[in-house]
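# Descriptive structure summary
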Amino acid sequence: MRISIYHCSLAKLLDLQNVSEMAEHRLTLAQRGAIQEFRNNFLEQQYPELRPLVVSCNDFGKPIAINHPKLAFNQSHSQREYALAFSFDVRDLGVDIESLNRKIRFEALAKHAFHPQEYQCWKALGEDINYWFKVWTTKEAILKAHGMGIRLDLNTLNTQMHPTHDNGQIIDERLGIFAYQCFDLGHAMLSVAWRSGMGCGQFIVPNIQIINMNT
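Computed from a prediction, not measured in an experiment: that's the story for all the values here. (Residues numbered from 1 in each chain as written. Predicted model: local features only at pLDDT ≥ 70, side-chain atom pairs only at ≥ 80, totals over all residues. Heavy atoms only, no water.)

### Brief notes about the overall build of the protein
Rule in force here: Under the scheme used here, helices are H or I runs from DSSP no shorter than 4 residues and strands are E runs no shorter than 2 residues, and both carry numbers assigned from the N terminus. The atom set for the radius of gyration is the C-alpha atoms, and the globule formula is 2.2 Å times the number of residues raised to the power 0.38. Each residue is assigned to one of three classes by its accessible area relative to the maximum for its type, calculated with a 1.4 Å probe on protein chains only: buried under 20%, partly exposed between the two thresholds, exposed over 50%. Each accessible area is a Shrake-Rupley estimate made with a 1.4 Å probe; only the visible protein chains count as cover when residues are assessed.
When you go through the protein residue by residue, the secondary structure sums to five helices and ten strands. Taken over the C-alpha trace, the protein has a radius of gyration of 17 Å; the compact-globule value for 215 residues is 17 Å, and the two agree within 12%. Here the C-alpha coordinates of the protein stretch approximately 50 × 45 × 30 Å along the principal axes. Residue burial in the protein is summarised as follows: out of 215 residues, 48% are buried. Counting only carbon and sulfur atoms, one obtains 50% of the accessible surface of the protein, whose full area is about 11000 Å².

### A word on the sheet that holds strand E4 (residues 72-77)
This is how the line gets drawn: Between any two strands, at least two bridges found by DSSP are needed for them to pair. Axis lines are fitted through C-alpha atoms, for helices just across the contact stretch, and the angle between N-to-C directions can take any value from 0 to 180 degrees. We call two residues contacting when some pair of their heavy atoms lies within 4.5 Å.
Spatial ordering of the open sheet is given by E4-E5-E1-E10, a layout of four strands whose pairing is mixed. On the outer flanks of this sheet lie E4 and strand E10 (207-212), each paired with one strand and no other. Taken over all neighbouring pairs, the strand axes of this sheet differ in orientation by 15 degrees on average, direction set aside. Where strand E1 (residues 2-9) and E10 come together, six bridges link them in parallel fashion. Opposite His7, over in E10, you have Asn212 as the bridge partner. Packed onto the sheet, helix H2 (residues 29-46) meets E1, E4 and strand E5 (81-87) and runs at close to 35 degrees relative to E5.

### So, helix H4 (residues 116-124)
What counts, and what does not: The arc refers to the directions leading from the helix axis to the C-beta atoms.
The complete set of buried residues in H4 reads Glu118, Tyr119, Cys121 and Trp122. On an axial view of H4, the arc spanned by its buried residues comes to 165 degrees, and they lie on one face. Pointing more than 90 degrees away from the buried face of H4 are the exposed residues Gln120 and Ala124. Tucked inside the fold, the buried residues of H4 contact helix H3 (106-113) and helix H5 (129-146).

### Here we look at the packing of aromatic side chains
As a reminder of what qualifies: Here a pair means two rings of Phe, Tyr or Trp (six-membered ring of Trp) with centres within 6.5 Å. Their orientation is stacked below 30 degrees between planes, edge-to-face above 60, and tilted elsewhere.
Evaluated as defined, the whole model comprises 15 aromatic pairs. For the pair Phe38 and Phe42, a centre-to-centre distance of 5.7 Å together with 25 degrees between the ring planes defines the contact as stacked. Of this pair, Phe38 and Phe42 both sit in helix H2, four residues apart, which is roughly one turn of the helix. Looking at Phe38, the relative accessible area reads 21%, which means it is partly exposed. Taking the centre distance of 5.3 Å and the plane angle of 10 degrees together, the rings of Trp132 and Trp136 count as stacked. Taken together, the residues span about one helical turn, with Trp132 and Trp136 both in helix H5 at a distance of four residues. Under the relative-accessibility criterion, Trp136 is labelled buried at 11%. Members of the aromatic cluster, connected to one another through ring pairs, are Tyr6, Phe38, Phe42, Tyr47, Tyr82, Phe86 and Phe88.

As structure tokens, then:
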């Protein structure tokens, strides 16, 4: 199994000098359109057989390739970063990326969004910032993979994030079984999640390739 993730700066994708003053999630309609156009063009370049790629939304509002149902893809952008995950080998793929230097009220958001077990682990780790971002991006990636999004309270979803491991699996009666993998890129945390199955009590981590186009 294989998952590929294209990663670049948002400024590079939008052909801007920088996006340091751009408020997160406040892109113009033209910029949002440019991101969607880039996604479609990139996937068509990678897989010419997809042309023309026809994208619509499922009942949860998640973009899907209606003329190529075996293609799973998902994208994410933060104030500075962009990531596009795609695969023909997994179902219900989700990705989330966050800049590690993003200004966040860590304590307030942890109390609001973390499961009690995640919150206790974060406190036991001395409020480790990387652990915080692993939990946050993994939650987002899992909910995006499923498609439920903000319809589920974040603090009811337990990633069971390990203090040192970067991958794991969740079994949730509302969502099903999902696996995830986190990547500390140095300046950003990237997490990808996909629908998983149980095999002898274990899950298989696909070969995950990150295509970094920042250089």
